[in-house]
Amino acid sequence: MKISQLLFLLLSASTLAAQPLRTGKDYAVFFVASKFDHGWKSLPDAPSEVNLLAADLRDDYDFEVRIVTDARRADILRTLGEYKGKKYGPDDQLLLFFSMHGYHDAGSDKGYLIPKDGLYNDPIYESWLAHSQLAEITASIPCRRVLISLDACYSGIFSSSRDKPGAAPWETGDDCQARVKAAFAGRDQTRKYVAAGGDQRVPAKSDFAAQWHRAFQQGYGEDGLLSFAELTATLDQFRDPRPVWGDFVRSTFGDFVFVRKNGCATPVPPEGGAADQDKAQWRQAQSSNTLAAYRQYLRDCNLCLYTEEAEAAIARLKLAVPPTKTKKKAEDMPNDMVLVTGGTFQMGDNKQQFLINDFYIGKTEVTFDEYDLYCEDMKINKPRDEGWGRNKQPVINVTWFDVVKYCNWLSYKQGFSPAYIILDDNVEMDKESNGYRLPMETEWEYAARGGNASKKYLYAGSNDLNQVAWSENNAGGRTHKVGEKLGNELNINDMSGNVFEWCWDRYWPDQNSPDSKVVRGGSFFLGISACESKFRYMNSPRSTFRYVGFRVVRGK
């Protein structure tokens, strides 16, 4: 044989070996509702359970993963609409996974999923998502292979079809690549579902999700292909309650196959014990997806194979948006803070005593001068000043969400640990942080009343409102420069009047109540009673107001 012919054959064989097993793309969308607006019990484990499965699919099966957290009904329908409008190839697959409460109306024998904003008692079920509506929308998605997974109570009534475990014909072939080709051959549609149980309640901490994870890690064979039959066989090992599965559209005989990365390749011997342990620690941190978990990984790891990923995850959780690395001068920053020594006090007309720790609070409200630096650095639009001027005027027309992002930015600029973990509209406080934040409502009133130096004035610093506040009586219907009125016993200005100030707290402490945030201090916009130190008011955290600003605090 000529050398040129031999080279051609070797190159051809190499090219064939390098070809992917299939040309299709796999998508997974997780819908999670763990905290509810209207009386439903929280499902605290749901986010970490979903994060673990998402990591499995992304890292081991090369899925394109999307997680819709705090899923409201409109979010679910909007996202399904997006995937209905996508273009799909003949080998593409779509997994839709729902983790939330479920309900069965015995009278109509219909099932429902309960999104974050689902009413607790909804007589006409319009705030819930009916199984029938989900099935109808999903059936019309132009992807040939669709699998729905329902981790919710009563989810087994999603479809009347029930299947028993059984291998597909393509799984009996000897050659791995031939099995892959056979699995994705033909034109049959796949419209399958798996549910956590039948017509019954399921545990809040999901054994169903744990079995999914086990299937992803162990259920595939030597070929690296996890068929629907292999998946359900693994799920079926847990039977209290026993999962159910089947086709939710009749005469759809296609399969759904999870193809591991490097499927059909010769299995790689497992790494040494230290590497396996490190990988397990990293997966545990990913499943929790919290600052504490990633910090623990960095503290406890031996080989520390995922140090960069852990540090990146910490940065992502601590900052709403990555700020530019340009440092502003220290004198440009609002560092005029007053130390408030802690103590106990009685808030408002409440007889309960509150214990307050030491903290620092801004001597004045944050001004346009200070907030505009943030906008310029982050290249975002500056808030309107209503024609009243900027400079030393208190910043207005900022949402509660705008403010917590500003606090994180300011912390970063001054070298402090950001106080907030911001993921979309989900904001949590990092209790280990030393950074800038909004005052707790108790802190705000304690400071307004003068702390340990309080003389029990009606307003912040006086019983004569005109001495300490711009109100409806003297402001002329607009804001005024900060610090022009007398301070209170701690020499803090404008805690009565000028503008209301955002606080961290919800107006109603019950987590199932409407999501309104506390504002305190009165303003130029309302009468004198609103300027009393005990007066509480509320606003939507997603809205802006010309009479609401804020001031910052830091822990001591």
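Coordinates for the structure precede this section.
The paragraphs below set out a description of the structure included in this document. All values derive from a computational prediction rather than experimental measurement.

Reading the values: rules and limits
Residues numbered from 1 in each chain as written. Predicted model: local features only at pLDDT ≥ 70, side-chain atom pairs only at ≥ 80, totals over all residues. Heavy atoms only, no water. Pairing = 2+ DSSP bridges. Helix = DSSP H or I, 4+ residues; strand = E, 2+ residues; numbered from the N terminus. Axes fitted to C-alpha atoms, helices over the stretch in contact; angles between N-to-C directions. Contact = heavy atoms within 4.5 Å. Phe/Tyr/Trp six-rings, centres within 6.5 Å; stacked < 30°, edge-to-face > 60°. Buried < 20%, exposed > 50% of the residue type's maximum accessible area, 1.4 Å probe, protein only. Lys NZ or Arg CZ within 6 Å of the ring centre and 35° of its normal. Salt bridge = Lys/Arg side-chain N within 4 Å of Asp/Glu carboxyl O. Arc of directions from axis to C-beta. Core = buried A, V, L, I, M, F, W, Y, C linked by side-chain atoms within 4.5 Å. Parallel < 35°, antiparallel > 145°, perpendicular 65-115°, else oblique. Left-handed = near helix turned anticlockwise from the far one by under 90°. Nonpolar A, V, L, I, M, F, W, Y, C, P; charged D, E, K, R; others polar. 1 Å grid on protein atoms, 1.4 Å probe; cavity = no way out; pocket = protein on both sides within 12 Å on 5 of 7 lines; lining within 4 Å. Points joined across faces, edges and corners; volume = space filled by probe spheres on them.

### A short note on the sheet that holds strand 10 (residues 244-247)
Okay, so step 1: Strand order across the open sheet formed by 6 strands is 2-1-3-7-8-10, with mixed pairing between neighbours. In this open sheet, the two strands that pair with only one neighbour each are strand 2 (64-68) and strand 10. Strand-to-strand, the axes of this sheet are offset by a mean angle of 15°, without reference to chain direction.
Okay, so step 2: For strand 8 (residues 190-195) and strand 10, the ladder comprises 4 bridges, and the chain directions are antiparallel. The residue bridging Tyr-193 from the neighbouring strand is Gly-246, located in strand 10.
Okay, so step 3: Contacting strand 1 (26-32), strand 2 and strand 3 (93-99), helix 2 (residues 46-60) runs over the sheet at an angle of about 175° to strand 1.

### Looking at the packing of aromatic side chains
Okay, so step 1: Evaluated as defined, the whole model comprises 46 aromatic pairs.
Okay, so step 2: Taking the centre distance of 6.5 Å and the plane angle of 75° together, the rings of Tyr-27 and Tyr-83 count as edge-to-face. Of this pair, Tyr-27 sits in strand 1 while Tyr-83 sits in helix 3 (residues 73-84), placing them 56 residues apart in sequence. In terms of burial, Tyr-27 and Tyr-83 fall into one category: buried.
Okay, so step 3: On the basis of an interplanar angle of 40° and a centroid distance of 5.3 Å, the ring pair of Phe-30 and Phe-97 is categorised as tilted. Taken together, the positions of Phe-30 in strand 1 and Phe-97 in strand 3 put the pair 67 residues apart, joining distant regions of the chain.
Okay, so step 4: Taking relative accessible area as the criterion, Phe-97 reaches 1% and is therefore assigned buried.
Okay, so step 5: An aromatic cluster is defined as three or more aromatic residues linked by ring pairs; in this entry it consists of Phe-30, Tyr-61, Phe-63, Phe-97, Phe-208, Trp-212, Phe-216, Phe-256 and Phe-258.
Okay, so step 6: A cation sits over an aromatic face here: Lys-517 above Trp-504, 5.5 Å from the ring centre.

### Regarding the pairing of strand 3
Okay, so step 1: Buried residues dominate strand 3, accounting for 7 of its 7 residues.
Okay, so step 2: Here strand 3 shows two buried faces, one formed by Gln-93, Leu-95, Phe-97 and Ser-99 and the other by Leu-94, Leu-96 and Phe-98.
Okay, so step 3: Two elements, strand 1 and strand 3, share 7 bridges in a ladder whose sense is parallel. Counted as the bridge partner of Phe-30 is Phe-97 from strand 3.

### Re the sheet that holds strand 22 (residues 553-555)
Okay, so step 1: Strand order in this open sheet of 3 strands is 12-15-22, and the pairing throughout is antiparallel. Each edge of the sheet is formed by a strand with only one pairing partner; in this case those strands are strand 12 (337-340) and strand 22. With direction set aside, neighbouring strand axes in the sheet form an average angle of 25°.
Okay, so step 2: With 3 bridges connecting them, strand 15 (residues 359-362) and strand 22 associate as antiparallel partners. Across the sheet, residue Phe-359 finds its bridge partner in strand 22, namely Gly-555.
Okay, so step 3: Against the sheet, helix 13 (residues 441-448) contacts strand 12, strand 15 and strand 22, and its axis sits at roughly 75° relative to strand 15.

### Section: the pattern of salt bridges
Okay, so step 1: What the rule picks out here adds up to 22 salt bridges.
Okay, so step 2: For Asp-59, the salt bridge identified is with Arg-58, shortest N-O distance 3.8 Å.
Okay, so step 3: Accessibility expressed as a relative area gives 36% for Arg-58, which makes it partly exposed.
Okay, so step 4: One continuous salt-bridge network, built from bridges that share partners, spans Glu-441, Glu-445, Arg-449, Arg-520 and Arg-536.

### Brief notes about helix 5 (residues 176-183)
Okay, so step 1: Listed as buried for helix 5 are Cys-176, Arg-179, Val-180 and Ala-183. Down the axis, helix 5 shows its buried residues gathered within 100° of arc, on one side only. Exposed positions of helix 5 whose direction lies more than 90 degrees from the buried face are Gln-177 and Lys-181.
Okay, so step 2: Where helix 5 is buried, its residues meet strand 7 (145-151) and strand 9 (225-226).

### A closer look at the nonpolar core
Okay, so step 1: Membership of the largest hydrophobic core comes to 68 residues, with the highest contact counts inside it found for Phe-31, Leu-94, Leu-96, Phe-98, Trp-212 and Phe-258.
Okay, so step 2: Once residues lying within four places of it in the same chain are set aside, the contact partners of Phe-98 are Phe-31, Ile-76, Leu-113, Leu-134, Ile-148, Ser-149, Leu-150 and Asp-151.
Okay, so step 3: Counting residues in each nonpolar core, the second largest holds 40 residues, with Cys-375, Tyr-406, Ile-422 and Tyr-436 among its members.

### Structural notes on the packing of helix 2 against helix 6 (residues 207-219)
Angle between the axes and distance between the axes: these two values describe a pair of packed helices.
Okay, so step 1: At a minimum axis separation of 10 Å, helix 2 and helix 6 run at an interaxial angle of 15°. Relative to helix 6, the element helix 2 is oriented roughly parallel. Taken as a pair, helix 2 and helix 6 cross one another with a handedness that is left-handed. Counted together, Glu-49, Leu-52, Leu-53, Asp-56, Leu-57 and Asp-60 of helix 2 and Ala-209, Trp-212, His-213, Phe-216 and Gln-217 of helix 6 form the full contact between these two elements.
Okay, so step 2: Class assignment for the residues of the contact of helix 2 with helix 6 results in 6 nonpolar, 2 polar and 3 charged.

### Overview of empty space enclosed by the protein
Okay, so step 1: This structure, assessed with the given rule, holds 2 cavities of 30 Å³ or more.
Okay, so step 2: Forming the boundary of the largest cavity are Asp-151, Ala-196, Val-202, Pro-203, Ser-206, Asp-207, Phe-208, Gln-211, Leu-235, Phe-238, Pro-241 and Pro-243.
Okay, so step 3: For the lining of the largest cavity, the element with the most residues is helix 6, which contributes 3 residues.

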